[in-house]
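The lines below spell out each chain.
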Amino acid sequence: MSALRSRIFASSRGQLHIVPRLPVRSIQQRQLSTTAARQAGHAEESQYDPPGGWLFGVKPGEKPEKEGWENVWYYGFFGSLAFGVVGYWYKPDTSIQTWALEEARRRLEAEGILEDPQKK
């Protein structure tokens, strides 16, 4: 316990600070990391391609190669977009205005003020 004695001192603002006193040998033995920092074998190489001067690395007039994921992405994205548009087109109308119009029409037909359009 004698190794963990602390001292108290006052700062210029009048605040008290407690600073623990650690023995010199415990500071020397205490390390943040026991292993050296390592880097991969390609540390000398650049991880970026040098600039080639062409957009996406494709020279003008050449057709870029398609990658394997592109068709899946196109069909998946545009297929789900078409499915969403069709679903939105056929969704039921649940607005309060439509409900109020239908309810007013039913009540007026029930009171006899408005004729039933299906009786003609």
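Residues numbered from 1 in each chain as written. Predicted model: local features only at pLDDT ≥ 70, side-chain atom pairs only at ≥ 80, totals over all residues. Heavy atoms only, no water.

A. Spatial organisation of the overall build of the protein chain. Within the protein chain, the regular secondary structure consists of 3 helices and 2 strands. Listed N to C, the secondary structure of the protein chain is β-β-α-α-α in terms of helices and strands. Across the 120 residues that make up the protein chain, the buried fraction comes to 2%. Pairs at least 24 residues apart make up 0% of the contacts formed inside the protein chain by residues separated by at least 6 positions. A total accessible area of about 12,700 Å² is found for the protein chain, and carbon and sulfur atoms account for 58% of it. (Helix = DSSP H or I, 4+ residues; strand = E, 2+ residues; numbered from the N terminus. Buried < 20%, exposed > 50% of the residue type's maximum accessible area, 1.4 Å probe, protein only. Contact = heavy atoms within 4.5 Å. Areas by Shrake-Rupley, 256 points an atom, 1.4 Å probe, with all protein chains shown as cover.)

B. Looking closely at helix H3 (residues 96–111). Helix length check: H3 (16 residues) gives 22 Å between terminal C-alpha atoms against 22 Å at 1.5 Å per residue, within 8%. Directly beyond the C-terminal end of H3, a positive phi value near 90° is found at Gly112. (Expected span 1.5 Å × (residues − 1).)

C. Structural context of the confidence of the model for the protein chain. Looking at the protein chain as a whole, its pLDDT mean stands at 79, while 67% of the residues score no less than 70. Helix H1 (residues 24–29) is the least confidently modelled element of the protein chain, averaging 54 in pLDDT, while helix H2 (residues 68–89) averages 97, the highest of any element. (pLDDT = per-residue confidence, 0-100.)

D. Expanded view of the packing of aromatic side chains. Here the structure, examined in full by the defined rule, presents 3 aromatic pairs. Centre to centre, the rings of Trp73 and Tyr74 are 5.7 Å apart; their planes meet at 75°, and the pair counts as edge-to-face. Look at Trp73 and you get partly exposed, because its relative accessible area is 46%. Of the residues examined, Tyr74 reaches a relative accessible area of 37% and is grouped as partly exposed. Seen from their ring centres, Trp73 and Phe77 are 5.0 Å apart, and the 5° between their planes marks the pair as stacked. (Phe/Tyr/Trp six-rings, centres within 6.5 Å; stacked < 30°, edge-to-face > 60°.)

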